[in-house]
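# Commentary on secondary and tertiary structure
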Amino acid sequence: MTKITLKEFISELNARLEKFTHTELKEIIRSHGMDLSPRERRGYLDRFVRTEKPKAEKKSEKPTKSDGELLLREIQAFGERAERYEYTTGWGWDDEYGEERAWGDDSWVAEIDSLFERINNFYEAGDYALARKAYDKLLEIYLEGSQEGHFSGHDQDEMVETDLEETGLKYLRSIYLSEKPSSRPEALLNGITNLSYLSRDATIHGMIHVSMEDLPELGQFGEQWIDYLKKQKGDRIVMDLLKEAVRLFQGVKGLETLALEKGSQFPGAFVEWLEALKKDKDYPEMIRVAKLGLERLSDHLAIRGRIADYLHEAANQLGEKHLIEESLIKALYASPSLSRLLNLLDQAKNTEQTAEYLNDALARFEKIRKRTEKGGSLEEDFNHSPDLHENHVPQNLEIYCYLLKGDYAKAVASMSPAKALGWSFGNSPNAILVPFFLYARWDHEKKLSANIADLWKDATDVPTPFGTFFQEDSTPGDLSKRFRDHLEKALKEFPIPEKQQDGYYLTAEKSALKRVDAIVGEKHRQSYWKAGQLLLAIAETYWSNGEADKGQKLINRFKEKYHRHSAFKTELQKAAQKSKLFSVP
């Protein structure tokens, strides 16, 4: 669930409370109480006890300068202990999490929580200079220690009780309130950059709303902040902060100005502008702005895909049919993905138009691939803003196109027995091609049996790309099912010629059996079930074509070949039991 800041929470709470009468509020409180378990009821009642403060109660004393100096020394000592690895005894396997983690003394958790609480006392007391210095040092110790293995535990963020995201926002607020106005932008950018590994929510909006108190000179800061960010190198952090700043301090008009004046430098301004128009449901203006963005921005930029998505949405809302096809083509060509490809194919009126869409898409993908192969790897751009990433063709998308248009010869040319491993990550063409040609060879007068059905489903459960290198659309629906439906439709519209069926199937079988050999022969024990499933899927395919004896002989051959691998035999037996067509004694 998304967190909200204190100011946002109180503002929303007040707004909701104002909508109810005194009687209605009583009823809400009672209703909530009725839903509580017996164990929770006493604590709930205690919330509604009015306590009187003792008359002689003294106000808590503000922390002193000597308290602050002591705190800084203790933070320094804590950091030195962490650097000496006093909280870890080394790395080792953890069965609970299924991976390695640092083992050792978890007492650091209570220590760091206590230190953060003491810093917060200075923050609440208004000593922002001391709080800033202490936050800066302790956060540095924590972030570096988490990365370098100075602290025990699997997930340190989950171990500490301190809300690290809110603490980061208080740190930024301490910077703002202790820095001279003229140097605030630079200091805050440094602070946000330091926090970027801790939280993506380290923003100016969060800094403003983490407290109920208004920040001084905020309007003046907003102008300085935008001017300062425009002069910085356009990495991911700066781009995101600039879009946020313009949205916060200048609104839609500012986004429009940024897009029109510096759109090529900050292309994300078009997306922010379009999103604001979408909220206002100004669809005619969305069409105008989307067209403008597509016209002005480089054909190499993947963000054009998101702009085309806005064009598509507005065209749908207004019934502009001629723009719907155009927007889908532009989205696919800018940021190729399986979902965008299927969106376009759904518009095809017949098989001829389907083939035309796919041929044009393949030509576009080839052009992109030639350019990206010259330009180096995507990883080189990791620190750059996604707004500036160029088009990229995902692995196997071209192979999907060949299958969907019935160009099976080109698809088979990419299938190789040498690519026996790595199917699970979707990087090998065999991961889709082998199951496809097994499925194609199946006698579809019969219902798919268990292993071939599971293999086919697994092969078409294509993971949606995510992360900084993709400008993915958010098309609703089950992508995997849509993909399966399109492939099965393609087999009906573009049936494999009989004289080629056996050849394609034998190539697929050869690649599949090489995979079984690689998994079992190299003792990849955690994948033995995959080898068993694949072997039984081949046998089941033989069964569907009236050749059950061939399937049983194949199973027997591999059982004998790897008779010393008892774990593999167990998985083979499980797959056979699931199949109910073959036996593995």
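Right above here is the structure, for reference.
Cut-offs applied
Residues numbered from 1 in each chain as written. Predicted model: local features only at pLDDT ≥ 70, side-chain atom pairs only at ≥ 80, totals over all residues. Heavy atoms only, no water. Helix = DSSP H or I, 4+ residues; strand = E, 2+ residues; numbered from the N terminus. Buried < 20%, exposed > 50% of the residue type's maximum accessible area, 1.4 Å probe, protein only. Contact = heavy atoms within 4.5 Å. Lys, Arg positive; Asp, Glu negative; His and termini not counted. Charge placed at Lys NZ, Arg CZ, Asp CG, Glu CD. Pairing = 2+ DSSP bridges. Polar contact = N/O pair within 3.5 Å; in protein donor to acceptor, adjacent residues only side chain to side chain.

Along the backbone of the protein there are 28 helices and two strands. If you line up the protein on its principal axes, its C-alpha atoms span 95 × 60 × 60 Å. Buried residues in the protein amount to 45% of all 585 residues. When contacts within the protein are restricted to residue pairs at least 6 apart in sequence, long-range pairs at least 24 apart make up 69% of them. Between the mean site of the 85 positive side-chain charges and the mean site of the 99 negative ones, the protein shows a separation of 3 Å.

Attention now goes to the pairing of strand 2 (residues 99-103). Bridging between strand 1 (residues 90-94) and strand 2 involves five bridges; their strand directions are antiparallel. If you follow Trp-91 over to strand 2, its bridge partner there is Ala-102.

The residue Gln-552 is located in helix 27 (residues 548-561) in this model. A polar contact of 3.0 Å, which involves the side chain of Gln-552, links it to the backbone oxygen of Ser-583. Non-local contacts of Gln-552, meaning those with residues more than four positions away in its chain, are made with Phe-582 and Ser-583.

Our focus in this paragraph is the environment of Leu-6. Here Leu-6 lies in helix 1 (residues 6-17). With 454 residues separating them in the primary sequence, Leu-6 and Thr-460 have C-alpha atoms 45 Å apart. Setting aside residues no more than four positions away along its own chain, Leu-6 makes contact with His-209, Val-210, Ser-211 and Met-212.

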